[in-house]
Amino acid sequence: MAYLEIVEGIEPGRRIQLRDGRAVIGRSSECDIPLDVAAVSRQHAVLIVDGGQCYVEDLKSRNGTFVNETPVAARTLLNHGDRILICDQVLSVHTHEDDDSLGGQKPKDDTSLAMLDDNGTASVMATLDVSGGTASVSLSAKPEAKLAALVEISTNLSKTLELDEILPRILDSLFKIFVQADRGFVIMRPDKDAPLVPVADKYRLAGREERTRISRTIVEQAMSNKSAILSADAATDSRFSMAESIADFQIRSMMCAPMLDSEGQALGVIQIDTNNQRSKFSNDDLEVLAAVASQAAVAIDNARMHEFAIEQQALARDLDLAARMQRALLPSKAPEVEGYHFFDYYESARQVGGDYYDYVTLADGRFAVVLGDVAGKGVSAAILMARLSSDVRFSLASEKSPAAAVTRANHTFAQHDWADRFVTMIVVVVDPKTNQATLVNAGHMPPFLRRSDGQVVEVGDEIAGLPIGVIDDFEYESLDIELGPGDSLTLFTDGFSEAMNSARDLYGLERLAKQISQGEANVEELGRHVLNDVRGFVGDFAQSDDMCLACFGRGN
């Protein structure tokens, strides 16, 4: 006659004979085959023996019935050797009474569980003693095995700085320390604001992963209280009465220890549990797990710092490349125009910046000097600067009037969504044949005009329009200036006028105008005089803004 044998569950080794007809399996004591397990439904499944054939059918249970890990959706024929899984209860199907899955042998009174040491020789790590009945069974690693595993964890964690390698190694070693463990998890937040999830797991028995659920109650309590938790019988522990995974898996003993970083903040937890009610974790075990969690936290901290350092190195390489590319977009040399001299200076507050200057030689012999300041700093400002530089060059080449060219560049730039970014800019187009300079101001600080006698005045403030990118159809105006022998124009960004010293004093426009007035008439010497004075004023105080300066003028 056919029979079932409980191979895993509350009564391992128990045999249940199957007779013709129906036999209901469930948690209720009124069932033909009662399984007193909280996760089992009151009437969970039914076995049907008909004409020598055996079938199983799920009774719409909460956690389902499985045959060889396949869900039972309808009446399913059972074959010899099949395994029925009902929650954590595993029942093997035998169609011949003389069959014995143990090969006709009964369990011995003493069964030793052996594991391999690092040197490959077998040694007894734990002993299963059934001579005094199930109540006297004790299964735990020897102290020397725990010490060896702790050393192994320390060694393993020192060999890698990769987080994906660290976490599985921790669980592998824990299963050597706690040979009764059925499941182990490392639970963390993958990202800063992400929810807590298992980032590594390990199972003593294969095929249980699909049914994994973690008790948030336990995890949050361990993290919030920053304390390790031991439950001698988690299935009946009132602290976790609402934890569904505890009930579903009939976890008899559970340990959970938080991993605290160097600032005492919980990175996550390590949790291990066992379904074996005869081998529960002890206070000594909890201390071991807490020590492992402390080691793991240090390793995770180190791994994260290593990852951060690698990311910073990659970012530094990218920024260095961006800085070189930005430099390549700036003029490599000043234009060669008879009777005119040029000086320019550019330095970003960061590796890349949003200030820029440019020289544009036009087809009719005129030349343009352009200086701009993108709102903001860093990579995004540099990208906008590169785009605007291209637009301005194209507009100057396409439009006869400098005002029309700036109007066109503004319209093109404003068509894109730059997240409220804008650019202030000065454009000066000079005709060396007539020495007339036409100036257009798009919301920038007026440049300083120095006459040959040293007099300095601001020019272009009265025709200043809106910054580039504010209104796409804005019409800009221009101002014509006659440049006499020895006259020069100084264009600058607010990195000069707002340069700051350690006393938090600003360099200011008045001081800038004064230095331009006192400097030499020669444009290159004038530019260097201004630059040296600003550097002397700032001293060792860190540069807070991009700095750009462009001076040009006629010789005497």
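Here, the structure is the one placed above.
Quick summary incoming for the structure in this document. What you see is a predicted model; the values in this text were computed from it and never measured.

Criteria and cut-off values
- Residues numbered from 1 in each chain as written.
- Predicted model: local features only at pLDDT ≥ 70, side-chain atom pairs only at ≥ 80, totals over all residues.
- Heavy atoms only, no water.
- Pairing = 2+ DSSP bridges.
- Helix = DSSP H or I, 4+ residues; strand = E, 2+ residues; numbered from the N terminus.
- Buried < 20%, exposed > 50% of the residue type's maximum accessible area, 1.4 Å probe, protein only.
- Contact = heavy atoms within 4.5 Å.
- Polar contact = N/O pair within 3.5 Å; in protein donor to acceptor, adjacent residues only side chain to side chain.
- Axes fitted to C-alpha atoms, helices over the stretch in contact; angles between N-to-C directions.
- Arc of directions from axis to C-beta.

Our next topic: the sheet that holds strand E11 (residues 89-94). As a general point, the strands of a sheet are linked pairwise by backbone hydrogen bonds and lie either parallel or antiparallel. What the 6 strands build is an open sheet, ordered E2-E1-E11-E10-E7-E8; its pairing is antiparallel. Across the chains shown, the open sheet's two edge strands, defined by having one partner strand only, are strand E2 (15-17) and strand E8 (70-71). Bridging between strand E10 (residues 83-86) and E11 involves 4 bridges; their strand directions are antiparallel. Within the sheet, the bridge partner assigned to Ile 84 lies in E11 and is Leu 91.

Here we take up the environment of Glu 347. Checked against the element boundaries, Glu 347 lands in strand E19 (residues 340-347). Judged by relative accessible area, which is 32%, Glu 347 ranks as partly exposed. When sequence neighbours within four positions are dropped, the list of residues in contact with Glu 347 reads Arg 327, Gln 543, Asp 546 and Met 547. Looking at Glu 347, its side chain comes within polar contact range of the side chain of Tyr 345, at 2.2 Å.

Looking now at the sheet that holds E19. Within the open sheet, the 5 strands sit side by side as E19-E28-E27-E24-E25. Their pairing is antiparallel. Taken across any chain shown, the strands that pair with only one partner, and hence form the sheet edges, are E19 and strand E25 (456-458). Geometrically, the sheet is characterised by an average inter-axis angle of 15 degrees between neighbouring strands, direction not taken into account. Note that strand E24 (residues 448-450) and strand E27 (residues 488-492) share 3 bridges and pair antiparallel. Paired with Leu 449 across the strands is Leu 489, a residue of E27. Its contacts with the sheet place helix H9 (residues 509-518) against E24, E25 and E27, and it is angled at close to 25 degrees to E24. Its contacts with the sheet place helix H10 (residues 523-538) against E19, E24, E27 and strand E28 (547-554), and it is angled at close to 25 degrees to E19.

What follows covers unusual backbone geometry. A positive phi is found at Lys 226, a non-glycine position, where the angle reads about 50 degrees. The exposure class of Lys 226 is partly exposed, given its relative accessible area of 41%. With a phi angle near 70 degrees, Arg 504 is a residue other than glycine that sits in the positive phi range. Along the chain, Arg 504 falls in the loop between helix H8 (494-497) and H9. Judged by relative accessible area, which is 57%, Arg 504 ranks as exposed.

Of the positions making up helix H3 (residues 216-225), those classed as buried are Ile 218, Val 219, Ala 222 and Met 223. Summarising the axial view, the buried residues of H3 lie within an arc of 120 degrees, below the 170-degree limit, and thus occupy one face. Just past H3, the residue Lys 226 takes up positive phi, approximately 50 degrees.

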